[in-house]
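Next come the chains, spelled out residue by residue.
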Amino acid sequence: MSRLDLAGVPGAPAAFESVRPLGVGLMYNPAVPGFLEDHLDAIDFLEITSDMFWTDRGPGSAQRFEDLESWTRVLDGIAADRPVVAHNVGLSIGSANRFDVEYLGQIKRWQERYRFPWHSDHLSFSQILDARGRDRAAGMALPLPFDEQVLQLVAGRVARVREAIPVPFLLENGVSYLEIPEQEMTEPAFLNRLTKESGCGLLLDLHNLHTNSRNYGADPLAFLEELDFDPVVEIHVAGGNEFAGMYTDAHSGPCPEPVWELLDYVLPRTRNLCGITFEFHDSYYGQLGPEGLRAQLDRARRAWTSERRP
Amino acid sequence: MSLEEFQRAIVDLVASPELCLSFRAEPGKFLERYELTDVERRRLSAVNRQRGMSTNCSLYRSNRITPIYTLLPLTCFVLGDVLGTEMEGYWRSEEFVDRQFLLEIERFGEHIRRRMRSGVLSIPVLGEVLNFELAWNALNVGPRNRVPAESRLLTFTHEPRELFRRLEARDPLPYRLPRGEFFVLLRALDGSIETTVLDADAARDLL
């Protein structure tokens, strides 16, 4: 059993719970409950985007968060059989002018409810305050420049998340369709410093890495050779497709072979890894089918078990 | 302040292909709207020329359409050829506040109702179909197993069974339908939404 020891970081709680390696996970979408009726044995844990399970009326609203009961009932059923991990989309940790404390409180309540062994969000920004101080959605996760200023901003936010929620918090390396010039650090150098200085873990999304590398002609192995693997707690694998002139992280079916190869490269180097999660969008379930989805999960399991993990 | 302005500029660009084009044509005019460092000005100029900006603009529009097209499919069908115009008008009048599907369709629904009240939209069955889909969605994600069950009573001026049969078959509009006062009761019952057409007496008893 590996132990994720991130204590001793400024602003961090004195001690962290140990994290038990879980194995192979599946990202929840509306097609998943039907699949799990016949294939529950294919997964060791379920990953959810918690934001899908409630209505959020926005900061400052009375009764801001209201659970979608018909959805939580389904989740409760699965959670009775498998651990649940959260991979959220609403924190917008890189927003320069807002940090949503109410949202953080909601994640804390859900961590207490489902006992997530860890939780994560994206290293990006997706929400801003406009010039009149009103909340505004960017419509997607947008990239942050890998600069010292951003590092300090995000590290400060990580400290607040870690103070509020007593299980490891991970940030996911992002996919970006914009290449910001004149950045002060490379992406892996930024991730290495962020994880070291803030105490957050890393959710290494190998399909995001594949997507960025493919779009910009970069070498994913050069990225990985520069990366510190000790903070890697979870890995994402997924599929993508061409859209509007670029290869995108669309979660559109099977994981491409180069991503599986990256997984084979990474696994022996990740001593604190607790899970490999396959993501797909439910609109592609018809093409993937239950057998196709099962094949993806079985492949992830072979990688997991062959490397080290019983 | 500067990073905040940089992020606001990127969000503005992603939301508007027209703004991206005007930025390319007149960079100074766009950049003077924000308080930026020289590096940030160069960064914005560079990313605005990248093909990925078009991808982001397309993804933005796709993400905004998704809740409306997913949860209001019949309303979109009834809007037909004017759907694109109405969507663009909605986006111009309402900034993208959040990605909450239910709230987004309620905001779009209010936009359509305003357009109907002002007489711009006069598709006969539009209001009834919109009200039905908004009510259905509100019940579908709401609390279940309450006693009495959560419900909505809707009034129709067109015969609802025939209306929805033809809509589900995607028969092209307009329809010749019996006119009158019709009532549809939606009730959230264990895991599903029960839809019942009521006669006027039964509906008045409920009211």
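Residues numbered from 1 in each chain as written. Chains lettered and ligands numbered in written order. Predicted model: local features only at pLDDT ≥ 70, side-chain atom pairs only at ≥ 80, totals over all residues. Heavy atoms only, no water.

Undergrad: Please set out the pattern of salt bridges residue by residue, giving values where relevant.
TA: Applying the stated criterion across every chain, the model contains 33 salt bridges over all chains. With a closest N to O distance of 2.7 Å, R64 of chain A and D100 of chain A form a salt bridge. Of the two residues, R64 of chain A sits in the loop between β3 (54–56) and β4 (65–67) while D100 of chain A sits in the loop between β5 (84–87) and α3 (101–114), which places them 36 residues apart along the sequence. When sorted by exposure, R64 of chain A lands in the same class as D100 of chain A, which is buried. Between R136 of chain A and D12 of chain B there is a salt bridge, and its shortest N-O distance comes to 2.6 Å. Placement of R136 of chain A in strand β8 (residues 135–142) and of D12 of chain B in helix α1 (residues 2–14) is noted, with the two residues assigned to different chains. (Salt bridge = Lys/Arg side-chain N within 4 Å of Asp/Glu carboxyl O. Helix = DSSP H or I, 4+ residues; strand = E, 2+ residues; numbered from the N terminus. Buried < 20%, exposed > 50% of the residue type's maximum accessible area, 1.4 Å probe, protein only.)

Undergrad: Account for the confidence of the model for chain B, naming residues and giving values.
TA: All names here are of chain B. Residue-level pLDDT values for chain B average 90, and 94% of them are 70 or greater. When pLDDT is averaged over each helix and strand of chain B, the minimum, 78, is found for helix α11 (residues 200–206) and the maximum, 98, for helix α4 (residues 38–49). Here the predicted complex carries an ipTM of 0.91, next to a pTM of 0.90. (pLDDT = per-residue confidence, 0-100.)

Undergrad: How would you sum up the interface of chain B and chain A? Please name residues and give values.
TA: With 41 residues of chain B at the interface, the matching set in chain A holds 47 residues. Interface area lost by chain B to chain A is led by L3, Q7 and R43 of chain B, which between them contribute 17%. Connecting chain B to chain A are three salt bridges. Taken together, the connections running from chain B to chain A amount to 15 residue pairs in polar contact (both at pLDDT 80 or more). Counting residues per element, the ones that place at least two in the side of chain B that touches chain A are α1, α4, α5 (51–71) and α8 (101–117) of chain B. Among the residues making up the side of chain B that touches chain A, the classes are represented as 18 nonpolar, twelve polar and eleven charged. (Contact = heavy atoms within 4.5 Å. Buried area = accessible area lost by both parts, 1.4 Å probe. Polar contact = N/O pair within 3.5 Å; in protein donor to acceptor, adjacent residues only side chain to side chain. Nonpolar A, V, L, I, M, F, W, Y, C, P; charged D, E, K, R; others polar.)

Undergrad: Could you give me a rundown of the nonpolar core, with the residues and numbers involved?
TA: Residues L26, L204 and I235 of chain A are the most contacted members of the largest nonpolar core, which totals 106 residues. Non-local contacts of L204 of chain A, meaning those with residues more than four positions away in its chain, are made with N173, F223, L224, L227, F229, V232, E234, I235, H236 and V266 of chain A. Among the nonpolar cores identified, the runner-up in size contains 37 residues, and L72, L102, V125 and F182 of chain B belong to it. (Core = buried A, V, L, I, M, F, W, Y, C linked by side-chain atoms within 4.5 Å.)

Undergrad: Describe the sheet that holds strand β3 (residues 192–198) of chain B, naming the residues involved and giving the relevant values.
TA: Residue and element names in this part refer to chain B. Strand order in the open sheet made by the three strands is β1-β2-β3, with antiparallel pairing throughout. Two strands bound the open sheet, and with one partner strand each, they are β1 (151–158) and β3. Each neighbouring strand pair of the sheet contributes to a mean axis angle of 25°, computed without reference to strand direction. Those strands touched by helix α9 (residues 126–140) are β1, β2 (179–189) and β3, and its axis lies near 165° from that of β1. Sheet strands touched by helix α10 (residues 160–168): β1, β2 and β3. Its angle to β1, the strand with the most contacts, is close to 90°. (Pairing = 2+ DSSP bridges. Axes fitted to C-alpha atoms, helices over the stretch in contact; angles between N-to-C directions.)

Undergrad: Break down the packing of aromatic side chains for me, with residues and values.
TA: Any pair of aromatic rings gets described here by the distance separating the centres and the angle formed by the planes. Residue and element names in this part refer to chain A. Under the defined criterion, the tally for this structure stands at 18 aromatic pairs over all chains. Ring geometry for Y28 against F53: centres 5.2 Å apart, planes inclined by 50°, an arrangement best described as tilted. Of the two residues, Y28 is situated in the loop between β1 (23–27) and α1 (32–39) and F53 in the loop between β2 (45–48) and β3; the sequence distance between them amounts to 25 residues. The buried category is assigned to Y28, whose relative accessible area is 6%. A centroid spacing of 5.1 Å and a plane angle of 55° characterise the contact between F146 and F190, whose relative ring orientation is tilted. Linking F146 in the loop between β8 and α4 (148–164) with F190 in helix α5 (residues 187–198), this pair joins segments that are 44 residues apart in sequence. Ring pairing ties together the aromatic residues Y28, F53, W54, F65, W71, Y103, W110, Y114 and F116, which thus form one cluster. Above the ring of Y265, the side-chain terminus of R269 is found at 3.7 Å from the ring centroid. (Phe/Tyr/Trp six-rings, centres within 6.5 Å; stacked < 30°, edge-to-face > 60°. Lys NZ or Arg CZ within 6 Å of the ring centre and 35° of its normal.)

Undergrad: So what's going on with the sheet that holds strand β10 (residues 201–205) of chain A? Residues and values would help.
TA: Residues and elements named next belong to chain A. On the basis of which strands lie adjacent, the closed barrel formed by eight strands has the order β1-β2-β5-β6-β9-β10-β11-β14 and parallel pairing. Taken pair by pair, the neighbouring strands of this sheet meet at an average axis angle of 25°, ignoring direction. As defined by bridge partners, β1 adjoins β2 across three bridges and the pair is classed as parallel. Bridging from a neighbouring strand, L26 pairs with L46 of β2. Running over the sheet, helix α9 (residues 285–307) touches β1 and β14 (275–279) and is turned about 145° from β1.

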